[in-house]
Amino acid sequence: MEAGKAVWAPYYTLHKVILGLWEMHAYARDEKALGVVTSLVDWVDARCAKLDDAHMQAMLGNEFGGMHEALLNVYSATGKPEHLRLAQRFQKRAFLEPLARGD
């Protein structure tokens, strides 16, 4: 994925796992699920920390699932600034910036 090669859907899969764990915490009040999802998100953060902004945006041109939303959900549960920063890194600017300009 980071090398720009076509792959199936790793971030789509991760976002589904993250979302499921977050829902277990949000709706079932499962604290263990919050601990697991926090560890998983911290792993994603460490992986993405190796990528500069341009590389991250290029990667998002290939596939990113619903990572932005899933990470915002985790941030809402943890309040950790690093979770918000990671969610923001998954904003696909090639899509959002033209919308913001009204293009």
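It should be noted that the structure appears before, not after, this text.
What comes next is a walk through the structure. (Residues numbered from 1 in each chain as written. Predicted model: local features only at pLDDT ≥ 70, side-chain atom pairs only at ≥ 80, totals over all residues. Heavy atoms only, no water.)

Quick look at the overall build of the protein
If you tally the helices and strands in the protein, you get six helices and zero strands. Scanning the protein from its N terminus toward the C terminus, one meets helices and strands in the order α-α-α-α-α-α. What you see for the protein is a C-alpha radius of gyration of 14 Å, in line with the 13 Å of a compact globule of 103 residues. Taking all 103 residues of the protein together, the buried fraction comes to 35%. Here the analysis covers contacts within the protein between residues at least 6 apart in sequence; of these, 69% occur between residues at least 24 apart. Element-wise, carbon and sulfur atoms account for 58% of the exposed surface of the protein, whose accessible area totals about 6100 Å². (Helix = DSSP H or I, 4+ residues; strand = E, 2+ residues; numbered from the N terminus. Rg over C-alpha atoms; globule rule 2.2 N^0.38 Å. Buried < 20%, exposed > 50% of the residue type's maximum accessible area, 1.4 Å probe, protein only. Contact = heavy atoms within 4.5 Å. Areas by Shrake-Rupley, 256 points an atom, 1.4 Å probe, with all protein chains shown as cover.)

Some details on the packing of helix α1 (residues 10-28) against helix α4 (residues 67-78)
Packing of α1 against α4 leaves a shortest axis separation of 9 Å and a crossing angle of 30 degrees. Taken together, the axes of α1 and α4 are roughly parallel relative to one another. For the element pair α1 and α4, the recorded crossing hand is left-handed. Contacts from Tyr11, Leu14, His15, Ile18, Leu19, Trp22 and His25 in α1 reach Met67, Ala70, Leu71, Asn73, Val74, Ser76 and Ala77 in α4. Here the residues of the contact of α1 with α4 are counted per class, giving 10 nonpolar, four polar and no charged. (Axes fitted to C-alpha atoms, helices over the stretch in contact; angles between N-to-C directions. Parallel < 35°, antiparallel > 145°, perpendicular 65-115°, else oblique. Left-handed = near helix turned anticlockwise from the far one by under 90°. Nonpolar A, V, L, I, M, F, W, Y, C, P; charged D, E, K, R; others polar.)

Description of the nonpolar core
Core analysis: the largest hydrophobic core is formed by 22 residues, its most contacted members being Tyr11, Ile18, Val44, Met67, Leu71 and Phe90. Secondary-structure elements contributing two or more residues to this core are α1, α2 (31-48), α3 (53-60), α4 and α5 (81-89). Here the element with the most residues in this core is α2; it accounts for seven residues. Other than its neighbours up to four places away in sequence, leucine 71 contacts Ile18, Val41, His83, Leu86, Ala87 and Phe90. (Core = buried A, V, L, I, M, F, W, Y, C linked by side-chain atoms within 4.5 Å.)

Here we look at the packing of aromatic side chains
Per the counting criterion, the structure on display carries two aromatic pairs. Aromatic pair tryptophan 22 and tyrosine 27: ring centres 5.9 Å apart, planes at 75 degrees, arrangement edge-to-face. Overall, the relative accessible area of 13% leaves tryptophan 22 in the buried class. With relative accessibility at 64%, the residue tyrosine 27 sits in the exposed group. (Phe/Tyr/Trp six-rings, centres within 6.5 Å; stacked < 30°, edge-to-face > 60°.)

A word on unusual backbone geometry
The bulk of non-glycine residues show a negative phi, and the bulk of peptide bonds are trans. Residues other than glycine seldom take positive phi values, yet arginine 29 does so here, at roughly 55 degrees. A relative accessible area of 61% means that arginine 29 is categorised as exposed.

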